[in-house]
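Examining the three-dimensional arrangement
The chain contents come next:
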Amino acid sequence: FEKYPIRLIFDLLSMLSSIRFLYRKSYAFLEANPFVGSLFVASGTLLLYLRTLVREVGWGDSAELALSSYQLGLTHPPGYPLYTLLGKLVSLFFDDPAVGTNLLSAVCTSLAIGVMSLVIWELTRLPLIAISVPVLFSVLPNIWDMAVVAEVYNVNIFFLGCSIYFFIRAERSQFTTFLPSSALFFGLSLGTYQANLLLLPAFLLVLLVGTPRHNLVKNLFVFGSIVSVIWLVFLSYTILRSYASVAVGGPLDSVNKILVYVS
């Protein structure tokens, strides 16, 4: 430093200038391509979850969820039919169904993190925030714990997150686009966690406020009918599989028992 102070200072300034140039280019690229940032976040968290994935039956409800997926049975009330079907599909590729359902959690959690990035981008238009916040969220202890074992909540936030993302896009266009996509994913989210029905009034309220009057009835019908049909399909699964008594506490052999189960 004593021998070449001017040259060293010049090199440092050049390095800072290069870093600033790369930062501006990266920022502009992510600003123009938010899906690339979302893909980066999702793939990075997936690698993390795969590296720490539990290779056997996990804690909590993991054993029950893996078994019900393997048997295409019923879980504890209120039941998670879509989770059971997805768990069965993934488990076909593994000798141990627990590994398949654990992997389902890792994949869906990573996808949910990617969707979270898109939602934050839609709300803030700040690419660094849309990347850094989901990354921090992905390593929260309760999120990471559920991402490496069989669990319904992390699978649920993927479908619910997709519904919220498409609903935001639909609201920006005064519900001329993306509304069926939002309704589809909201209906699917009911197959993983029926308590999402508590959010339905919020969706309908925004529809009432944000839809032009001449499209109001049509949009309410589209959203309500798609959600209702999908929810009834999952309810039908519960009825069709009601003889499977795994973790239910007895067969669902009456309408009253089925209503109690799903509620």
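Residues numbered from 1 in each chain as written. Predicted model: local features only at pLDDT ≥ 70, side-chain atom pairs only at ≥ 80, totals over all residues. Heavy atoms only, no water.

**A short note on the overall build of the chain**
Threshold: Numbering of helices and strands runs from the N terminus; a helix is a DSSP stretch of H or I covering at least four residues, while a strand is a stretch of E covering at least two. Burial status follows relative accessibility: with a 1.4 Å probe on protein chains alone, a residue under 20% of its type maximum counts as buried, one over 50% as exposed, and anything between as partly exposed. Here, residues are in contact when the closest pair of their heavy atoms is within 4.5 Å. To measure how exposed things are, a 1.4 Å probe is used in the Shrake-Rupley method; for residues, cover is taken only from the protein chains shown.
Secondary structure assignment for the chain yields 12 helices and 0 strands. Mapped from its N terminus to its C terminus, the chain presents α and β elements in the order α-α-α-α-α-α-α-α-α-α-α-α. A burial count over the chain gives 43% of its 263 residues as buried. Intrachain contacts of the chain at a sequence separation of at least 6 include 68% that bridge at least 24 residues. Total accessible area on the chain is roughly 14,300 Å²; 71% of this is exposed by carbon and sulfur atoms.

**So, the packing of aromatic side chains**
Rules: Only Phe, Tyr and Trp rings take part, Trp by its six-membered ring, and two of them pair if their centres are within 6.5 Å. Stacked means planes under 30 degrees apart, edge-to-face means over 60, and tilted covers everything else. Put simply, a charge is over a ring when the Lys NZ or the Arg CZ is close to the ring centre, within 6 Å, and near the line of the ring normal, within 35 degrees.
Under the definition given, this model contains 13 aromatic pairs. Relative to Phe-185, the ring of Phe-158 lies with its centre 6.5 Å away and its plane at 80°, an arrangement referred to as edge-to-face. Within this pair, whereas Phe-158 is found in helix H8 (residues 152–172), its partner Phe-185 is found in helix H9 (residues 179–190), the two being separated by 27 residues in sequence. One Lys or Arg, Lys-88, reaches over the ring of Tyr-70 and ends 5.2 Å from the middle of that ring.

**Focus: the nonpolar core**
The following threshold applies: Only buried residues count toward a nonpolar core, which is a set of Ala, Val, Leu, Ile, Met, Phe, Trp, Tyr and Cys residues joined through side-chain atoms within 4.5 Å.
Counting 23 residues, the largest nonpolar core has Tyr-83 and Phe-158 as its most contacted members. For this core, the secondary-structure elements that each account for two or more residues are helix H4 (81–91), helix H5 (97–124), H8 and helix H11 (216–240). Take this core: its biggest share by element is 8 residues, from H8. When residues no more than four places from it in sequence are discounted, the contact partners of Tyr-83 are Leu-65, Ser-69, Thr-101, Leu-104, Ser-105, Ala-150, Glu-151, Val-152, Val-155, Gly-191 and Thr-192. With 12 residues, the next largest nonpolar core counts Ala-170, Leu-190, Phe-203 and Leu-207 among its residues.

**Quick look at the environment of Leu-104**
Looking at where Leu-104 falls in the secondary structure, it is placed in helix H5. Overall, Leu-104 belongs to the buried group, its relative accessible area being 6%. Here the alpha-carbon distance between Leu-104 and Tyr-83, two residues 21 residues apart in the chain, equals 9.0 Å.

**Observations regarding the packing of helix H2 (residues 34–51) against helix H6 (residues 127–138)**
For any two helices packed against each other, one specifies the inter-axial angle together with the distance between the axes. How we decide: Axes, fitted as lines to C-alpha atoms, cover a helix only where it is in contact. Angles between the N-to-C directions of the axes lie from 0 to 180 degrees. Each angle is binned into one of four classes, with values under 35 degrees roughly parallel, values over 145 roughly antiparallel, values of 65 to 115 roughly perpendicular, and all other values oblique. Crossings are sorted by hand: turned counterclockwise from the far helix by less than a right angle, the near helix makes the crossing left-handed, and turned clockwise it makes it right-handed. In this count, Pro and Cys sit with the nonpolar residues alongside Ala, Val, Leu, Ile, Met, Phe, Trp and Tyr, while Asp, Glu, Lys and Arg are called charged and the others, Gly among them, polar.
Packing of H2 against H6 brings their axes to within 10 Å, and their N-to-C directions diverge by 20°. Between H2 and H6, the angle is such that the two are roughly parallel. Note that H2 runs across H6; the crossing there is right-handed. For the pair H2 and H6, contact is made by Gly-37, Phe-40, Val-41, Thr-45 and Tyr-49 and by Ile-131, Pro-134, Val-135 and Ser-138, respectively. Here the residues of the contact of H2 with H6 sort into 6 nonpolar, 3 polar and no charged.

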